[in-house]
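Fold and geometry: a report
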Amino acid sequence: MELAYIPSPSSGVLYLGPVPLRGYAFSILAGLFVALWIVDRRWVARGGQKGTAWDIAFWAVPFGLVGGRLYHVITDYQLYFGEGRNWVDAFKIWEGGLGIWGAIALGAVGAWIGCRRRGIALPPYADALAPGLALAQAIGRWGNWFNQELYGRETDLPWALHITSTEGGRVPGYYHPTFLYESLWCVAVALLVIWADRRFKLGHGRAFALYVAAYCAGRFWIEYMRVDEAREILGLRLNNWTAMIVFVLAVVYFVMSAKLRPGRETVVEPGAVATGGATGGATDGSAGGDDAPDAAGSGSGSGATEPEAAGKDGKADSPEAKEEAGPKKPDAGSKADASPKEKGGAADKDAAEPGDAKTGDAEAETARADSEDTGPGAADSADARSKDEAGSAKKS
């Protein structure tokens, strides 16, 4: 008695008029857009510019698609170049067949090219990409459901996948939905990477290495359950060997990177720091740095020069400063120069007093009188007048 199962779609293609909308291609494209949306947000939060992730994806996505298809065709070449096979089918990517190992390997080459063109390093970009790539795989795996492919052994579990197609030697029945297992596993991997990245501030490619190691651990047991045709080495499917080797490499990289380059990058995109284009860099500390105290200490241009304008000791308003700011009284034989600028200045206020001007005039007249009168009486009279005028100037 059939209690519950996961039904398979009657067709993997939906026609919008003459245009076919294939479920496999739709799943791949939906996963790519989700991954790019996530990596763009994470990149900006790390201190990068908005839109950089999309520019790099312009190189990474085509390389990844080609790499994924090449891996599948090379490892399963008997499906396309064997007896009774048509090699043209190797180009029909919409019918399924993308190897994640080749997609990541060649996609990394494309991402490296994109990063070089933007002047940034690949490891921090890979860290930002890691959870988004895991979610892209989770969504993309539903393309196998549309094509009724890559299922596991027969089972009577309530969540068994009901296969109805007989194309390609398929036998209708109820099988383990390995596409669903891998999809859920990838969601868990994405959550693990996000949590670990926030908790331990992973950097220098370690978040990506964690994603690779965690995915390989799940892919090993999921691949072991599959019954589709595949090449085997020493009793294990080729993808099992690949998962083990890549898992070891990812763990070694994670450990060595943590020892050689601990912590996280402070600047992931120099251009964003130079132009102030990063919106989230200050949150993660990437937009800050040792230059912040210097900028605060130096202050604005006006703040740095105000003490000199006020006075040497910064005390222009004190009485002592006023006395020093005032000009000395002119010597005998010269007139006081009371210009309008000096009269209007606060520091020269005392120099423009009427008493000082009168004193200067009196001394000048006295000097002329001394030069004209050479007799002793005239000198005594001049001295008396000078004393009297000086006294009156002091009183005023």
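Keep in mind the model is a prediction, meaning the values are calculated, not measured.

Right, let's talk about the overall build of the protein chain for a bit. A count of helices and strands for the protein chain gives 17 helices and 6 strands. Across the 396 residues in the protein chain, those meeting the buried criterion constitute 36%. Once local pairs closer than 6 in sequence are excluded, the contacts in the protein chain between residues at least 24 apart make up 68%. With an accessible surface of roughly 23700 Å², the protein chain has 61% of that area assigned to carbon and sulfur atoms.

This brings us to helix 4 (residues 100-118). Quick reminder: α-helices carry 3.6 residues per turn. Residues three or four places apart thus point the same way. Compared with the 27 Å implied by 1.5 Å per residue over 19 residues, the 26 Å span of helix 4 between its first and last C-alpha is a close match. Inspection of helix 4 places I100, W101, G102, I104, G107, G110, A111, G114 and C115 among the buried residues, and these make up the whole buried set. Residues of helix 4 that are buried make contact with helix 2 (52-75), helix 5 (122-140), helix 8 (206-225) and helix 9 (238-260). One or two positions beyond helix 4, positive phi appears at G119, with a value near 75°.

What follows concerns the environment of C115. Mapped onto the secondary structure, C115 falls in helix 4. Classification of C115 as buried rests on a relative accessible area of 1%. Each residue touching C115, except ones within four places of it in the same chain, is listed here: I56, I120, A121, L122 and Y125.

Attention now goes to the pairing of strand 2 (residues 19-22). By the bridge criterion, 4 bridges tie strand 1 (residues 13-16) to strand 2 in an arrangement that is antiparallel. Bridge pairing in strand 2 links V13 to R22. In textbook terms, the turn of a hairpin is the stretch between consecutive antiparallel strands, and for strand 1 and strand 2 this stretch comprises 2 residues, one of which, G17, has a positive phi near 70°.

Moving on, we get to a nonpolar patch on the surface. On the surface, a cluster of nonpolar side chains totalling about 600 Å² of accessible area is made up of F247, V248, V251, V252, V255, M256 and L260. Examined against the element boundaries, V255 turns out to sit in helix 9.

Before going further, it helps to examine the pattern of salt bridges. Here the structure, examined in full by the defined rule, presents 14 salt bridges. One salt bridge in this structure joins R118 and D55, with 3.0 Å as the shortest N-O distance. Of this pair, R118 sits in helix 4 while D55 sits in helix 2, and the two are 63 residues apart along the sequence. For R219, the salt bridge goes to E223, with nearest N and O atoms at 3.0 Å. Placement of the pair is R219 and E223 together in helix 8, with a separation of 4 residues, close to one helical turn.

With respect to the element layout, R46 can be found in the loop between helix 1 (23-45) and helix 2. There is a polar contact of 2.8 Å between the side chain of R46 and the side chain of E265.

Before going further, it helps to examine the packing of aromatic side chains. Applying the stated criterion across every chain yields a total of 15 aromatic pairs. Taking 4.9 Å as the distance between ring centres and 80° as the angle between the ring planes, the aromatic pair formed by W142 and F179 counts as edge-to-face. One end of the pair, W142, is in helix 6 (residues 142-147); the other, F179, is in helix 7 (residues 178-200), and 37 residues separate them in sequence. Given the relative accessible area of 34%, W142 is considered partly exposed. Note on Y151 and Y175: the rings are 4.7 Å apart at their centroids and 40° apart in plane angle, and the pair reads as tilted. A residue pair is termed long-range when its members are at least 10 positions apart, and Y151 in the loop between helix 6 and strand 3 (161-163) and Y175 in strand 4 (residues 173-175) qualify at 24 residues. Residue Y151 shares its accessibility class with Y175, and that shared class is buried.

This next bit is on helix 7. Along its 23 residues, helix 7 runs 32 Å from first to last C-alpha, staying within 8% of the 33 Å computed at 1.5 Å per residue. Buried residues of helix 7: T178, F179, L180, Y181, E182, S183, C186, V189, A190, V193, A196 and D197, and no others. Against helix 1, helix 5, helix 6, strand 3 and helix 8 lie the buried residues of helix 7. The positive-phi residue at the C-terminal boundary of helix 7 is K201, with phi of around 50°.

It is worth spelling out the packing of helix 5 against helix 8 at this point. With their axes 6 Å apart at the nearest point, helix 5 and helix 8 run at an angle of 30° to one another. When the interaxial angle is binned, helix 5 and helix 8 end up roughly parallel. As helix 5 packs across helix 8, the resulting crossing turns out to be left-handed. Across from A126, D127, A130, L133, A134 and Q137 in helix 5, the residues of helix 8 making contact are R206, A207, F208, Y211 and Y215. Its residues placed into classes, the contact of helix 5 with helix 8 shows 8 nonpolar, 1 polar and 2 charged.

Calculation notes
Numbering of residues begins from 1 in every chain and follows the order in which that chain's sequence is written. pLDDT decides what is reported in this predicted model: residues at 70 or higher carry local features, side-chain atom pairs at 80 or more are listed and counted, and totals for whole chains, interfaces and linings draw on all residues regardless. For side-chain calculations, the full set of non-hydrogen atoms in the structure is used, while hydrogens and water are omitted. Helix numbering and strand numbering both begin at the N terminus, where a helix is a DSSP run of H or I of at least 4 residues and a strand a DSSP run of E of at least 2. Partly exposed describes any residue whose relative accessible area lies between the buried limit of under 20% and the exposed limit of over 50%, with all areas from a 1.4 Å probe on protein chains only and scaled to the type maximum. Contact between two residues is taken to exist if any of their heavy atoms lie within 4.5 Å; hydrogens are not considered. Computed with the Shrake-Rupley method and a 1.4 Å probe, the accessible areas treat only the protein chains shown as cover for residues. Expected span, for any helix, means 1.5 Å times one less than how many residues it has. Here, any two strands with at least 2 DSSP bridges between them count as paired. A patch is a set of surface residues, each over 30% in relative accessible area and not in a salt bridge, joined within 9 Å for like charges and within 5 Å for the nonpolar side chains Val, Leu, Ile, Met, Phe, Trp and Tyr. The rule for a salt bridge is simple: a side-chain nitrogen of Lys or Arg has to be within 4 Å of a carboxyl oxygen of Asp or Glu. Two N or O atoms form a polar contact when they lie within 3.5 Å of each other; inside protein one atom must be a possible hydrogen donor and the other a possible acceptor, and for residues adjacent in sequence the pair counts only when both atoms belong to side chains. Stacked, tilted and edge-to-face are the three classes assigned to paired rings of Phe, Tyr and Trp, where Trp is represented by its six-membered ring and a pair needs centres within 6.5 Å; plane angles under 30 degrees give stacked, over 60 edge-to-face, the rest tilted. Comment: axis = line fitted to C-alpha atoms, over the contacting stretch for helices; angle = value between 0 and 180 degrees taken between N-to-C directions. The cut-offs work like this: below 35 degrees is roughly parallel, past 145 is roughly antiparallel, 65 to 115 is roughly perpendicular, and the gaps in between are oblique. Left-handed is the label given to a crossing in which the near helix is rotated counterclockwise from the far helix by less than a right angle, and right-handed is the label when the rotation is clockwise. Nonpolar residues are Ala, Val, Leu, Ile, Met, Phe, Trp, Tyr, Cys and Pro. Charged residues are Asp, Glu, Lys and Arg, and all others, Gly as well, are polar.

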